[in-house]
Amino acid sequence: MRQCLDERQQRFLSLTDKVVPALAERAGRHDRDNTFPFDDYNDLREAGLLRLTVPEELGGLGAGQAEMLPVLERLASAGAATALAYAMHVAPLGSWALTWRRTGAPPLAQVLQLAGQDRLVLAAIASEIGTSNLFLDAKTTATRTEGGYRITGRKNFATNSSVATMWATTARYEDPDHGARLLVLLVDPSVPGITIEQTWDTLGMRATQSNDVVFDGLFVPEHGVVQSIPVGHFDAQVLETIICWTAPSFGAVYTGIAAGALDWAIAQIRRRGLAGDPRVQDAVADVEIMLEVNRSVLQRHAAEVSSHRLMEQLTVQEGLGRCAFVKNVCTNNAAAIMTRLLDVVGGAAYMRGQPFERMWRDVQAGLIMPINNRTGKELIGASSLDVAVAPVADLQMPGSER
Ligand SMILES: Cc1cc2nc3c(=O)[nH]c(=O)nc-3n(C[C@H](O)[C@H](O)[C@H](O)COP(=O)(O)OP(=O)(O)OC[C@H]3O[C@@H](n4cnc5c(N)ncnc54)[C@H](O)[C@@H]3O)c2cc1C
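Cut-offs applied
- Residues numbered from 1 in each chain as written.
- Predicted model: local features only at pLDDT ≥ 70, side-chain atom pairs only at ≥ 80, totals over all residues.
- Axes fitted to C-alpha atoms, helices over the stretch in contact; angles between N-to-C directions.
- Helix = DSSP H or I, 4+ residues; strand = E, 2+ residues; numbered from the N terminus.
- Parallel < 35°, antiparallel > 145°, perpendicular 65-115°, else oblique.
- Left-handed = near helix turned anticlockwise from the far one by under 90°.
- Contact = placed C-beta atoms within 7 Å.
- Nonpolar A, V, L, I, M, F, W, Y, C, P; charged D, E, K, R; others polar.
- Buried ≥ 20, exposed ≤ 12 C-beta atoms within 10 Å, placed from the backbone.
- Pairing = 2+ DSSP bridges.
- Near = placed C-beta within 6 Å.
- Domains from an automatic or database assignment.
- Core = buried A, V, L, I, M, F, W, Y, C linked by C-beta atoms within 7 Å.
- Expected span 1.5 Å × (residues − 1).
- Arc of directions from axis to C-beta.

Chemist: Which parts of the structure should I look at to understand the packing of helix 5 (residues 80–103) against helix 6 (residues 106–116)?
Modeler: The packing of two helices is summarised by the inter-axis angle and the distance between the axes. In contact at an axis separation of 10 Å, helix 5 and helix 6 are set at 135 degrees when each is read in the N-to-C sense. The pairing of helix 5 with helix 6 is recorded here as oblique in orientation. Relative to helix 6, the crossing made by helix 5 is left-handed. On helix 6, the residues touching L93, W96, A97, T99 and W100 of helix 5 are L108, A109, V111, L112 and A115. For the contact of helix 5 with helix 6, the per-class residue count stands at 9 nonpolar, 1 polar and no charged.

Chemist: Would you mind showing me how to read the pairing of strand 1 (residues 122–125) here?
Modeler: In summary, the side chains of a regular strand alternate between the two faces of the sheet. Side chains of strand 1 alternate between two faces, with L122 and A124 and A123 and I125 buried alike. Two elements, strand 1 and strand 4 (residues 166–175), share 4 bridges in a ladder whose sense is parallel. Residue pairing across strands places L122 opposite M166, the latter belonging to strand 4.

Chemist: I would appreciate a short explanation of the site of the ligand in the present structure.
Modeler: Around the ligand lies a shell of 21 residues, among which A126, S127, N133, F157 and T159 are the nearest. Of all the secondary-structure elements, those providing two or more residues to the shell around the ligand are strand 1, strand 3 (148–158), helix 11 (355–368) and helix 12 (373–384). Here the shell around the ligand is composed, by residue class, of 11 nonpolar, 9 polar and 1 charged. Composition of the shell around the ligand by domain shows at least three residues from each of domain 2 (125–230) and domain 3 (236–384).

Chemist: So what exactly am I meant to see when it comes to the nonpolar core here?
Modeler: Note that soluble globular proteins tend to have their nonpolar side chains buried in a common cluster. With 123 residues, the main nonpolar core has L72, A87, L112, V253, A258, A261 and L341 as its most contacted residues. The biggest single contributor to this core is helix 7 (residues 236–271), with 19 residues. With residues up to four places along the chain from it excluded, the contact list for L112 reads V54, P55, L58, L93, W96, A97 and W100.

Chemist: Would you explain the domain arrangement of the protein in this entry?
Modeler: Accessible area lost during the coming together of the parts is what is often quoted as the interface size. Domain parsing of the protein yields domain 1 (7–120), domain 2 (125–230) and domain 3 (236–384). The straight-line distance from the C-alpha centre of domain 1 to that of domain 3 is 20 Å. With 25 residues of domain 1 at the contact, the number on the domain 3 side is 25 residues. Secondary structure elements with two or more residues in the side of domain 1 that touches domain 3: helix 2 (20–33), helix 4 (65–78) and helix 5. If one sorts the elements of the side of domain 1 that touches domain 3 by residue count, helix 5 sits on top with 11 residues. Of the residues contributing to the side of domain 1 that touches domain 3, the split by class is 15 nonpolar, 7 polar and 3 charged.

Chemist: It is not clear to me how the pairing of strand 2 (residues 141–145) should be interpreted in this structure. Could you clarify?
Modeler: In terms of strand pairing, strand 2 meets strand 3 through 5 bridges, oriented antiparallel. Note that in strand 3 the partner of R144 across the bridge is Y149. What sits between strand 2 and strand 3 in their antiparallel hairpin is a turn of 2 residues, with G147 showing a positive phi close to 80 degrees. With 2 bridges connecting them, strand 2 and strand 4 associate as parallel partners. Bridge pairing links T141 to R172 in strand 4.

Chemist: Mind showing me how you'd approach the environment of E73 here?
Modeler: Within the secondary structure, E73 sits in helix 4. Contact partners of E73, with chain neighbours within four places excluded, come to A252, T255, G256 and A259.

Chemist: How should helix 12 be read in this particular structure?
Modeler: Every α-helix winds through 3.6 residues per turn, so residues three or four apart in the chain are directed the same way. Relative to the 16 Å expected for 12 residues at 1.5 Å per residue, helix 12 spans 16 Å between its end C-alpha atoms, a close match to the ideal helical length. Where helix 12 is concerned, the buried positions are G376, L379 and S383. Seen along its axis, helix 12 keeps its buried residues to an arc of 65 degrees; they face one direction. Along helix 12, the residues that are exposed and aim more than 90 degrees away from the buried face are R374, G381 and S384. Following helix 12 by one or two positions, D386 adopts a phi angle in the positive range, close to 65 degrees.

Chemist: What exactly am I supposed to notice about unusual backbone geometry here?
Modeler: Most peptide bonds are trans, and most residues other than glycine sit at a negative phi. In this structure, I371 follows P370 across a cis peptide bond, with omega equal to -5 degrees. You can see I371 is positioned in the loop between helix 11 and helix 12. In this structure, D118 takes a positive phi of about 60 degrees despite not being glycine. In this structure, D118 sits in the loop between helix 6 and strand 1. Phi is positive for Q209, close to 45 degrees, though the residue is something other than glycine. In this structure, Q209 sits in the loop between strand 6 (194–197) and strand 7 (211–221). Its 24 C-beta neighbours within 10 Å are what place Q209 among the buried residues.

Next comes the structure, spelled out in structure tokens:
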């Protein structure tokens, strides 16, 4: 089913199409060799796509969420791991651009300007074994030292750690005045106190090289702390600047894998002369419907975020539930699409020499990415029943203004 896109979306997709063939060509090799796609990143930079969501007046292409999502989908149809890694860079920049438009905050302008000059690549390194990735707490610790904090702990799933020049991470700080806090920190990965351990050997999404990261007394200056949240609390800023952008960007990436698999399946169907078979048409229609549902949900979310309606009309918990809904619909449908396509592709779907097999493995990662199905349903169900899953941080609480 051809999409109805507006002029700006089409323009950004034309740009994306310049890098798509090379990404598709390399995806199998990076998957097989378990290597980070530096070559893809170079292509993205040359095409200007690393600046996609940076405001035009700060050197970027000025894409909003409604334009970023189709770009992620298209990239993922060619190289899912590259698209996911790229999402970790381009989505936070888009969120900061939206906040900068509203607040004009100079520190945000500085970071966006660096990105607008292609001098910055981001990674968001928050995940830890045994800590839910909803920014409620961390096992990694921050202790006070002169002029800042020392950070110690281990993170896993550190996508983009191979290439990023600025990392956002989290650590727990026992504040003597305000109690236990979760600090959100910006880290320069070139300073001493960081080791990347090559632990990444996974079923799919292998080229993200989301290795473990160990912080061993890493010094972060005072100004590197961008947020301080009471431990165990939901937070409006986390929702607005992180989850409202990561959830749909993951949704778009996994939708893209399924869309790429459909393209490949259609080529197989045509080659085998099966296009006239009503059973094949039925399967293809099921897949097209699920893809269009995903795209509709994604675009509605983009409109709600860009207009600030999501933040203005919903509670923080409801907003988190809504982000979970978007991500879960997309990733669940993407996995279901791959299974439905097996009905028409048959044995070719199982062959290592064909891209479908890689796409099938890649798509499984969507199901465990945040916000996962279980947590998403808890947020949605509890909100409908007026039950608080966690307290919400009071913006006026001492220390929360950092
Ligand atoms: C390809 C890929 C790339 C990623 N990149 C990044 C990245 O760049 N940065 C980053 O920060 N993270 C990243 N992540 C990690 C992600 O953010 C999550 O942290 C991770 O997927 C969660 O892993 P987990 O299932 O072990 O988490 P857990 O939260 O430990 O959950 C484990 C299981 O326990 C269940 N569970 C938890 N609590 C309960 C309960 N109370 N009752 C019942 N069941 C419960 C959960 O539903 C889940 O099934 C990435 C993940 C993937 C797959």
